[in-house]
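Secondary and tertiary structure notes
Residue strings, one per chain:
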Amino acid sequence: MSRKYFIAGNWKMNKTAAEAVALIESIKEQIGSQEKVEVAVCPTFTSLDAASKALKGSTMKLGAQNMYFEKSGAFTGEISADMLKQFDCSYVILGHSERREYFKECNCLINKKVKAVLENGMKPILCVGEKLEERESGKTLDVVSEQTIKGLEGISGADAEKIVIAYEPVWAIGTGKTATPAMAQEVHAAIRKILADAFGSETAEKIQILYGGSMKPENADALLAEKDIDGGLIGGAALKADSFAALVKSAESAK
Ligand code: PGA
């Protein structure tokens, strides 16, 4: 497979800067330098500076959990691309279900953010996923396809290659419930088809599609064995070096 596995830690609103550095040091010790698997950690904004310094010389990359699309100005509480670039951020998580739910982010806003991240030379990790009631009423593929298409509206084929998609069923996030490998694969394949329709199959084959939602060392091997699952966006299990390193090892030995 030409796609590299990618394991990204979404630390959410956890860890002070000192704790972030300690976690990074301990992950580095356990995973060493990685050639086969791409690895990134996404701490809070206030830990980016310290995290960036701690990551110097390592193959692990840095990501942020959000970004505003405007360059600068009167947007109290927001963070711009230039501010993230100060810390060599490679990735920005966008459209996470917690942002959609608690901060009312819509596909249109997320699309502006995706474009701004790309314009600034970083890679968006665009999150999509259905809620429990949507799955139960058979709307999973409709919801995921709308979020993917609207999130990527107006993106060129060349830029599409730089995008990472994370399929995160909302009912599986932080709940301990995981989609079965077959359930996840079905949606991942549908997303790849949407990408192929939009950008051509050659491009779609290059785009990493991560699974997220209670992914942990115990279930990672089976998920990563699926054809269209190219890694994981990890919440809870990314907050401990042992479990995060175990997930990187799973990806290293997959397929
Ligand atoms: P979880 O979170 O691994 O704790 O379920 C994943 C995510 O929200 O990105």
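Provided above is the structure to which this section pertains.
Here is a short report on the structure shown in this document. Small disclaimer: the values here were computed from a predicted structure and weren't measured. (Residues numbered from 1 in each chain as written. Predicted model: local features only at pLDDT ≥ 70, side-chain atom pairs only at ≥ 80, totals over all residues. Heavy atoms only, no water.)

**Digging into the site of the ligand**
What surrounds the ligand is a group of 13 residues, the closest being Lys12, His96, Glu168, Gly174 and Ser214. A distance of 3.3 Å separates an oxygen atom of the ligand from a polar atom in the side chain of Asn10. Measuring from an oxygen atom of the ligand, one finds a backbone N or O atom of Gly236 at 2.8 Å. Burial of the ligand by the surrounding chains reaches 95%, relative to a free accessible area of 280 Å². Class assignment of the residues belonging to the shell around the ligand gives a composition of four nonpolar, seven polar and two charged. (Near = heavy atom within 4 Å. Polar contact = N/O pair within 3.5 Å; in protein donor to acceptor, adjacent residues only side chain to side chain. Areas by Shrake-Rupley, 256 points an atom, 1.4 Å probe, with all protein chains shown as cover. Nonpolar A, V, L, I, M, F, W, Y, C, P; charged D, E, K, R; others polar.)

**Re the sheet that holds strand β7 (residues 208-212)**
Note: strands within a sheet are paired through backbone hydrogen bonds, in either parallel or antiparallel orientation. Read around the closed barrel, eight strands run β1-β2-β3-β4-β5-β6-β7-β8, paired in parallel fashion. Shown here is a sheet whose adjacent strand axes are inclined to one another by a mean of 25°, direction ignored. With four bridges connecting them, strand β4 (residues 91-94) and strand β5 (residues 123-128) associate as parallel partners. Along β5, the bridge assignment pairs Leu94 with Leu126. The sheet contacts of helix α5 (residues 107-119) involve β4 and β5, and relative to β5 the element is tilted by about 160°. (Pairing = 2+ DSSP bridges. Helix = DSSP H or I, 4+ residues; strand = E, 2+ residues; numbered from the N terminus. Axes fitted to C-alpha atoms, helices over the stretch in contact; angles between N-to-C directions. Contact = heavy atoms within 4.5 Å.)

**Overview of helix α7 (residues 140-151)**
In a regular helix each residue adds 1.5 Å, so twelve residues correspond to 16 Å; α7 covers 16 Å between its end C-alpha atoms and thus fits that length. Those residues of α7 not exposed but buried are Thr140, Val143, Val144, Gln147, Thr148 and Gly151. The buried residues of α7 all sit within an arc of 125° when viewed along its axis, so they share a single face. Buried residues along α7 sit against α4 (97-102), α5, β5, α6 (132-136), β6 (164-167) and α9 (181-199). (Expected span 1.5 Å × (residues − 1). Buried < 20%, exposed > 50% of the residue type's maximum accessible area, 1.4 Å probe, protein only. Arc of directions from axis to C-beta.)

**As for the pairing of β4**
Residues Tyr91 and Ile93 of β4 are buried on one face, and the alternating residues Val92 and Leu94, pointing to the opposite face, are buried as well. Where strand β3 (residues 61-64) meets β4, two bridges bridge the pair, whose relative direction is parallel. Bridge assignment links Gly63 to a residue of β4, and that residue is Tyr91.

**Side note on the packing of aromatic side chains**
For the structure shown, the criterion picks out four aromatic pairs. Clustering of aromatic rings is evident, with ring pairs tying together Tyr68, Phe69 and Phe75. The ring of Phe103 carries Arg99 above its face, with NZ or CZ at 4.2 Å from the centroid. (Phe/Tyr/Trp six-rings, centres within 6.5 Å; stacked < 30°, edge-to-face > 60°. Lys NZ or Arg CZ within 6 Å of the ring centre and 35° of its normal.)

**Focus: the side chain of Ser250**
For Ser250, the location among the structural elements is in helix α12 (residues 241-252). In contact with Ser250, other than residues within four places in its own chain, are Ala220, Asp221 and Leu224.

**Here we look at the pattern of salt bridges**
Considering all chains together, one arrives at 19 salt bridges under this definition. Note that Lys162 and Asp159 form a salt bridge whose closest N and O atoms lie 2.9 Å from each other. In this structure Lys162 comes out as partly exposed when scored by relative accessible area, which is 37%. The class for Asp159 is partly exposed, based on a relative accessible area of 23%. As a salt-bridge pair, Asp228 and Lys227 come within 3.7 Å of each other at their nearest N and O atoms. A relative accessible area of 4% places Asp228 in the buried class. (Salt bridge = Lys/Arg side-chain N within 4 Å of Asp/Glu carboxyl O.)

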